[in-house]
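Take a look at the letters that make up each chain.
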Amino acid sequence: MIDLTAMYASHDAFRRDLERLAAAVAEGRADTAPVRTGWENFTHQLHIHHTAEDSDLWPRVRDRAAGRPRDLALLDEMEAEHARIDPLLAAVDTALTERAAELPDLVRALSATLDDHLKHEEDSALPLIQDVLTPADWGAFTGRMREVQGLRGAAVFVPWVTDGAPPADRARFFGSMPPPVRVLNRLFWEGSYRRKGLWARP
């Protein structure tokens, strides 16, 4: 059985950040430094997440699902959905910079498109991962993710994922992490992350 806790927690964090962005836009705070910093971190985390899936996860699943046309078609859909999200990210970024009138509509479009993709992944692709990958396969993928992130990336990723999470979800996430991660987060990472003030109201 593969532990997908961190994957679900990441998805929840993406949804949460887009809710925060929508609230900031509605309240006229979209051009503030905390919102820009929050948006930049969101796009960075999403880029890492989707790039790692496209380069290291879906190819592993594709190899294990060879000869299963429906499963291979699902993987094609995952990659196509990633490609549809990228132009929306760019459009929102431009609208934020230019304070464009269409920003609220673009944020709604991005939120709907990303949420549809995440739900599709959770309903179909994650069960496929459980079906065809071994824990060793998953460990190779998550190991590659850790290499890409590095320690500095983990120092932001871990407190970002748990930012605002309900206590039970937070405990579940940290229960899936190695003990040193929990210690580092408590002693160093969380405080540093909080001081960045991502999405904070003035």
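What comes next is a walk through the structure. Quick caveat, the model's predicted, so the values are computed rather than measured. (Residues numbered from 1 in each chain as written. Predicted model: local features only at pLDDT ≥ 70, side-chain atom pairs only at ≥ 80, totals over all residues. Heavy atoms only, no water.)

This brings us to a nonpolar patch on the surface. Together, Val183, Leu187 and Phe188 make up a nonpolar patch on the protein surface, roughly 290 Å² of accessible area in all. Here valine 183 lies in helix α7 (residues 179-196). Residue classification places valine 183 among the partly exposed positions, given a relative accessible area of 35%. (Patch = residues over 30% accessible without salt bridge, like charges linked within 9 Å, V, L, I, M, F, W, Y side chains within 5 Å. Areas by Shrake-Rupley, 256 points an atom, 1.4 Å probe, with all protein chains shown as cover. Salt bridge = Lys/Arg side-chain N within 4 Å of Asp/Glu carboxyl O. Helix = DSSP H or I, 4+ residues; strand = E, 2+ residues; numbered from the N terminus. Buried < 20%, exposed > 50% of the residue type's maximum accessible area, 1.4 Å probe, protein only.)

Running from N to C, helix α2 (residues 33-64) and helix α3 (residues 69-98) point in directions that differ by 165 degrees, and their axes come no closer than 11 Å. As far as their axial angle goes, α3 and α2 are roughly antiparallel. Note on packing geometry: the crossing formed by α2 with α3 is left-handed. The segment α2 lies against α3, with Arg36, Trp39, Phe42, Thr43, Leu46, His50, Glu53, Asp54, Trp58, Val61 and Arg62 engaging Leu72, Leu75, Asp76, Met78, Glu79, His82, Ile85, Leu89, Val92, Asp93, Leu96 and Thr97. Among the residues making up the contact of α2 with α3, the classes are represented as twelve nonpolar, four polar and seven charged. (Axes fitted to C-alpha atoms, helices over the stretch in contact; angles between N-to-C directions. Parallel < 35°, antiparallel > 145°, perpendicular 65-115°, else oblique. Left-handed = near helix turned anticlockwise from the far one by under 90°. Contact = heavy atoms within 4.5 Å. Nonpolar A, V, L, I, M, F, W, Y, C, P; charged D, E, K, R; others polar.)

Before going further, it helps to spend a moment on the nonpolar core. Counting residues in hydrophobic clusters, the biggest one holds 40 residues, and the most contacted among them are Leu21, Trp39, Phe42 and Val92. Contributions of two or more residues to this core are made by α1 (5-26), α2, α3, α4 (103-132), α5 (135-162), α6 (167-175) and α7. Residues within four places of tryptophan 39 in sequence aside, it is in contact with Leu18, Leu21, Leu89, Val92, Asp93, Leu96, Leu110 and Trp199. Ranked by size, the runner-up nonpolar core spans 20 residues in total, among them Leu126, Val132, Trp138 and Phe141. (Core = buried A, V, L, I, M, F, W, Y, C linked by side-chain atoms within 4.5 Å.)

Right, let's talk about the packing of α1 against α2 for a bit. Two numbers describe how α1 lies on α2: the axes approach to 10 Å, and their chain directions differ by 145 degrees. The element α1 and its partner α2 pack so that their crossing is left-handed. Contacts from Met7, Ser10, His11, Phe14, Asp17, Leu18, Leu21 and Ala24 of α1 reach α2 at Val35, Gly38, Trp39, Phe42, Gln45, Leu46, His49, Glu53 and Leu57. The residue inventory of the contact of α1 with α2, partitioned by class, reads ten nonpolar, five polar and two charged.

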